[in-house]
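Descriptive structure summary
As a plain string of letters, each chain reads:
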Amino acid sequence: MSFNPKFFRQRFVLAAMLAIVTLAAPMTANAQFYDLELQVGDTVGYPATLNSAISVYMKNYSDTVAGFELWLMLDRPDRIIFQTNLDTVIDTTRWRCIQYSGPNCIDSVVASLYWVCTQYSGNTCIDSVMQYGYYRCNQYQGESCIDSTFIPGWDWMKIDSTEVFTGNFDTTGTLTRGWEYIQSRSLGGQGFDIKITAQANTIPPPYKRGIGPQYGTTPLIKLLADILPVPTTDTDRTVRIMIQANNLDNFAFTDQKGDLIGVYTDTVADTVLWRCQDWADPPQNTICLLWEVVPEPPYDSMSFRDILVGRLDTSKVYLDDGSLTVLRGKCGDVNNNGVVNILDVTFLIAYLYKGGPTPPVLSLANANGTWPVNILDATFLIAYLYKGGPDPRCS
Ligand SMILES: [Ca+2]
Ligand SMILES: [Ca+2]
């Protein structure tokens, strides 16, 4: 297995990092250690504050980490959201010609990524690789394909621009500072989740070394979230930030060569759906002249095959979710010094009209409970302090 820069060039980072699976995971001398530990930090913040940093920590005991995909999800999207922007990105689809008429391609299929076994020991696959290609049926039994061959490669690609929500992150003072490629997306599109894709090196050389074994407390990366104006009366104020590792399409840590860390390959049965694209003319119209694999019904026939999938080895990878707890504070305490008095009114008026500093916790200045913070909040506070008005009720 060698590091192949050309492959990296051809394919979005995901596949590059998933490209090679090594089954011979390094043995840890001390069994109490995992190969890889990921922990999302626990933090706190006030309502209606921006740029809360959520730190993700990593400890890697065995391998150098030179690329990763990490997907985080919030369990309470009504409390905080990850910061996102609407951006345009480029997505590609690869096609393989399956029938030519002279120089012209008259039929084609989408070339998808498949796990392909590259080395067997007896009947057991001991090494595999992800390749673009498609399965061609060699032999039919009735309408079912009973033998197929993987045809690797692709002939052309179609490039589409897609609008996606990209997330905000901060690599300052983190382990990924200076990495050549870091992108993030909200797969759900609304900031309830964020997926980070990062790679120490793209091209060309020289290559930057990834993160060698380290046990420190420097974050791997920091994600930026905004805390919504949570009502003071709300008693459930902690949001869990969960690592999504069930689907390895969105979770992968790789070393410098692209080998996955803490993943083993498994064989599972897969159903393949076939649709006839060209039936023979009557009376032979039960004979299909051209079969095509389709991703979903309707279909005319089905077959089964074993495919290889990657699975997370939980004896080698330890995951720990994080949280953000929304603090309460004292409503009306504009300068956040613990008491509500005339100085808070002064602070607020200076902020609104005299270029004074922004209140440390803006939501605590929203004394009348209605956004935004404006002169009505100052009036509300004065009424409360001196005219027997109602208590401040921040939101
Ligand atoms: Ca105060
Ligand atoms: Ca207000």
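Conventions used here
- Residues numbered from 1 in each chain as written.
- Chains lettered and ligands numbered in written order.
- Predicted model: local features only at pLDDT ≥ 70, side-chain atom pairs only at ≥ 80, totals over all residues.
- Heavy atoms only, no water.
- Domains from an automatic or database assignment.
- Donors = N, O, S within 2.8 Å, 3.2 Å for Na, K, Ca; no water.
- Buried < 20%, exposed > 50% of the residue type's maximum accessible area, 1.4 Å probe, protein only.
- Disulfide = S-S within 2.5 Å.
- Tetrahedral: all angles 85-135°; square planar, octahedral: opposite > 155°, others 65-115°.
- Helix = DSSP H or I, 4+ residues; strand = E, 2+ residues; numbered from the N terminus.
- Phe/Tyr/Trp six-rings, centres within 6.5 Å; stacked < 30°, edge-to-face > 60°.

What follows deals with the domain arrangement of the protein. Entries for the protein in the domain assignment read domain 1 (5-83 + 168-262 + 313-326), domain 2 (90-158 + 263-312) and domain 3 (329-395). If you average the C-alpha positions of domain 2 and of domain 3, the two centres end up 66 Å apart.

Right, let's get into the coordination of the calcium ion (ligand 2). Surrounding the calcium ion (ligand 2) are the protein donor atoms Asn 366 (OD1), Asn 368 (OD1), Thr 370 (O), Pro 372 (O), Asp 377 (OD) and Asp 377 (OD), at 2.2 to 2.5 Å. Each donor residue of the calcium ion (ligand 2) belongs to the same chain, and together they define the spacing N-x1-N-x1-T-x1-P-x4-D. On the accessibility criterion, Asp 377 (0% relative accessible area) is buried.

A few words now on the state of the cysteines. Chemically, a disulfide is nothing more than a covalent bond linking the sulfur atoms of two cysteines. Applying the stated criterion across every chain yields a total of 2 disulfides. Here Cys 97 connects covalently by a disulfide to Cys 105, the sulfurs 2.1 Å from one another. Its S-S torsion of about 110° marks the bond between Cys 97 and Cys 105 as right-handed, since a negative value means left-handed. A relative accessible area of 30% places Cys 105 in the partly exposed class. The disulfide that involves Cys 276 links it to Cys 288, with 2.1 Å between the sulfurs.

With that out of the way, let us pick up the coordination of the calcium ion (ligand 1). Those protein atoms acting as donors to the calcium ion (ligand 1) are Asp 333 (OD), Asn 335 (OD1), Asn 337 (OD1), Val 339 (O), Asp 344 (OD) and Asp 344 (OD), and they sit at 2.2 to 2.6 Å. Between the 6 donor atoms coordinating the calcium ion (ligand 1), the angles at the centre fall across 53 to 161°, so the site counts as irregular. Each donor residue of the calcium ion (ligand 1) belongs to the same chain, and together they define the spacing D-x1-N-x1-N-x1-V-x4-D. A residue pair is termed long-range when its members are at least 10 positions apart, and Asp 333 in the loop between strand 23 (322-326) and helix 3 (342-353) and Asp 344 in helix 3 qualify at 11 residues. Residue Asp 333 shares its accessibility class with Asp 344, and that shared class is buried.

This brings us to the packing of aromatic side chains. The tally for this structure, following the rule as stated, stands at 9 aromatic pairs. Considering the side-chain rings of Tyr 34 and Tyr 318, the 5.3 Å spacing of their centres and the 35° angle between planes classify their relative orientation as tilted. Here Tyr 318 lies in strand 22 (residues 317-320) and Tyr 34 lies in the loop between strand 1 (20-22) and strand 2 (36-40), a separation of 284 residues in the sequence. For Tyr 318, a relative accessible area of 34% gives the class partly exposed. Ring centres 5.1 Å apart and planes at 10° place the aromatic pair Phe 68 and Phe 253 in the stacked group. In this pair, Phe 68 is assigned in strand 5 (residues 67-74) and Phe 253 in strand 18 (residues 252-254), connecting sequence segments 185 residues apart.

Attention now moves to unusual backbone geometry. Look at the link from Pro 282 to Pro 283: it is a cis peptide, with omega at 5°. Looking at the secondary structure, you find Pro 283 in the loop between strand 19 (263-279) and strand 20 (288-294). Omega for the bond connecting Trp 371 with Pro 372 falls within 30 degrees of zero, at 5°, which places this linkage in the cis form. When you line up the elements, Pro 372 lands in the loop between helix 4 (362-365) and helix 5 (375-386). Of note in this structure, Asn 51 is not a glycine but carries a positive phi near 65°. In this fold, Asn 51 is placed in the loop between strand 3 (42-45) and strand 4 (52-60). For Asn 51, a relative accessible area of 48% gives the class partly exposed. We note that Asn 336 has phi near 60°; this positive angle belongs to a residue other than glycine. Examined against the element boundaries, Asn 336 turns out to sit in the loop between strand 23 and helix 3.

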